[in-house]
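A closer look at the structure
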Amino acid sequence: VGPESNQWIASLLNTPPQLVLQTPFSISKGHLRWNKDAQTSFKADLVVPGGASVSTDILYSPEEIKAKEFIKDDVSQASLAFRLKGRELDLQFNGNLKKETLNNLFVQSGFFHGWLKGDFQAYISLDHPMKSTAQGHLMGEDLIFPRELEIPLEIDKISLKAKERHVDLEQATLVSGSQQMDLKGSLDFSPPGLIFDMDLQSNGISWTDIEGLLGEGDKENELEQGKESWDLPIQGTVKLKSEYLNYERFTWFPFHADITFAQNEIDVKVIQAKLCHIATPGSVKITPQDVSLDFDFASRDQELNPSLLCMSGQSSDYTGRFDLLGKIKGRGKED
């Protein structure tokens, strides 16, 4: 099969870009079943450039994609199976898969730009995370989620162990744009809900980027989804240490906080944060009904002009030094 035939087969099967093979490749024991605008399946044994042998079994329909692959060459041997339906993903992996193999195998490697090894299986539901399960161990680098999952993240590094509904995340480095997050901790997908205890370190957090990741969408639908999200049974703590937190034109250096999730309540305890050279420790509590905050402000022997410039965004001729002690408390509806 050469490039033109490959493109024809890929369009016929509606093959995701991540699964389009390099050419030329040979087919044996091939079986294609095609039904326009309905279910399409393809099973075959293949030999691709670089000498890798592949057994493939792909089923595609407008509702779901299922694939089973067995890959073997001089440096890799692995079996991979996944099923993607809506925002649910079933994933199984066993073996050792290296970058060299993937570069020879796919035109663009959708899941992997690096390597992956382990014996792991998982069910992930983005809409009902408490139903998710995982089993086994997994290590890898440079992993990318399929576009269909609409998760704008790359996994730079990951190492985890899982048993039934408990996951020990030994290391995970997530990248989204210029933001990098290092995670470690534990997750429990227990019947009462999702329980977690995480340490998160970041090179910086931009609220604008977070809003971009969440998407704008229809405001009324967002409000309805927001109400439903409070019903999710999750509880746990994220200990956050970020080099900075940026919101519009204000930036806190650094930003350290403990974020606790409980039923119908989120508590943010800001441990260390400086805004315009002024320390601003305090707390925020968010519930479905309202938001409350309680912050202290403190600064000693600081230059006046830089702080005024930072606060107002405008230059001034004021000079001098200042001490400040203050408090702000408030409570009201979210808007």
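Just above sits the structure.
Residues numbered from 1 in each chain as written. Predicted model: local features only at pLDDT ≥ 70, side-chain atom pairs only at ≥ 80, totals over all residues. Heavy atoms only, no water.

What follows covers the overall build of the protein chain. Check the secondary structure of the protein chain and you find 5 helices and 21 strands. Across the 335 residues that make up the protein chain, the buried fraction comes to 35%. Carbon and sulfur atoms form 52% of the exposed surface of the protein chain, whose accessible area is close to 20300 Å². (Helix = DSSP H or I, 4+ residues; strand = E, 2+ residues; numbered from the N terminus. Buried < 20%, exposed > 50% of the residue type's maximum accessible area, 1.4 Å probe, protein only. Areas by Shrake-Rupley, 256 points an atom, 1.4 Å probe, with all protein chains shown as cover.)

This part is about the state of the cysteines. Here the structure, examined in full by the defined rule, presents 1 disulfide. Note on cysteine connectivity: Cys-276 is disulfide-linked to Cys-310, with sulfurs 2.0 Å apart. Judged by the sign of its S-S torsion, about -70°, the cystine formed by Cys-276 and Cys-310 is left-handed. With Cys-276 in the loop between strand E17 (265-275) and strand E18 (278-279) and Cys-310 in helix H5 (residues 304-312), this residue pair connects regions lying 34 residues apart in the sequence. Taking relative accessible area as the criterion, Cys-276 reaches 5% and is therefore assigned buried. (Disulfide = S-S within 2.5 Å.)

As a further point, take unusual backbone geometry. The step from Thr-23 to Pro-24 runs through a cis peptide bond, and the omega angle for that step is -5°. Relative to the helices and strands, Pro-24 is located in the loop between helix H1 (3-12) and strand E1 (26-33). Along the chain, Phe-253 connects to Pro-254 via a cis peptide bond; the corresponding omega equals -20°. Along the chain, Pro-254 falls in strand E16 (residues 250-262). Phi is positive for Lys-29, which is not a glycine, with a value near 55°. On the secondary structure map, Lys-29 appears in strand E1. The residue Asp-301 is not glycine, and still its phi comes out positive at about 55°. Its place among the elements puts Asp-301 in strand E20 (residues 291-303). The class of Asp-301 is partly exposed, set by a relative accessible area of 45%.

Now for the packing of aromatic side chains. According to the stated counting rule, one finds 2 aromatic pairs in the structure shown. With a centroid separation of 6.0 Å and an interplanar angle of 50°, the aromatic rings of Tyr-244 and Phe-253 are classed as tilted. The partly exposed category is assigned to Tyr-244, whose relative accessible area is 28%. (Phe/Tyr/Trp six-rings, centres within 6.5 Å; stacked < 30°, edge-to-face > 60°.)

Right, let's talk about empty space enclosed by the protein for a bit. Using the criterion set out here, one finds 3 cavities of 30 Å³ or more in the structure. Its boundaries defined by the atoms lining it, the largest cavity holds a volume of some 160 Å³. Taken together, 15 residues line the largest cavity, and the ones lying closest to its centre are Thr-15, Leu-19, Leu-21, Phe-42 and Ile-58. In terms of residues, the lining of the largest cavity owes the most to one element, H1, which gives 3 residues. The class makeup of the residues in the lining of the largest cavity is 11 nonpolar, 3 polar and 1 charged. (1 Å grid on protein atoms, 1.4 Å probe; cavity = no way out; pocket = protein on both sides within 12 Å on 5 of 7 lines; lining within 4 Å. Points joined across faces, edges and corners; volume = space filled by probe spheres on them. Nonpolar A, V, L, I, M, F, W, Y, C, P; charged D, E, K, R; others polar.)

It is worth spelling out the pairing of strand E11 (residues 179-190) at this point. It is a general feature of regular strands that their side chains alternate between the two faces of the sheet. As judged from the 9 bridges shared by strand E10 (residues 166-176) and E11, these two strands associate in the antiparallel manner. By the bridge assignment for E11, Val-175 is matched with Gln-180. Connecting E10 to the antiparallel partner E11 that follows it, the hairpin turn spans 2 residues, and Gly-177 within it adopts a positive phi of roughly 65°. Linkage of E11 to strand E12 (residues 193-202), two consecutive antiparallel strands, is achieved through a turn of 2 residues. (Pairing = 2+ DSSP bridges.)

Pairing of strand E4 (residues 64-72) with strand E5 (residues 77-85) involves 9 bridges; the strand directions are antiparallel. Its bridge partner being in E5, Glu-69 is matched across the sheet by Leu-80. In terms of strand pairing, E5 meets strand E6 (residues 88-97) through 9 bridges, oriented antiparallel. When the bridges of E6 are listed, Arg-83 appears paired with Asp-90.

Once that is clear, we can look at H1. Every buried residue of H1 is listed here: Asn-6, Ala-10 and Leu-12. Taken down its axis, H1 places every buried residue within 160° of arc, on the same side. Structural note: H1 exposes Glu-4, Gln-7 and Trp-8 on the side pointing more than 90 degrees away from its buried face. Where H1 is buried, its residues contact E1 and strand E2 (40-47). Looking one or two places after H1, you find Asn-14, whose phi comes out positive at around 50°. (Arc of directions from axis to C-beta. Contact = heavy atoms within 4.5 Å.)

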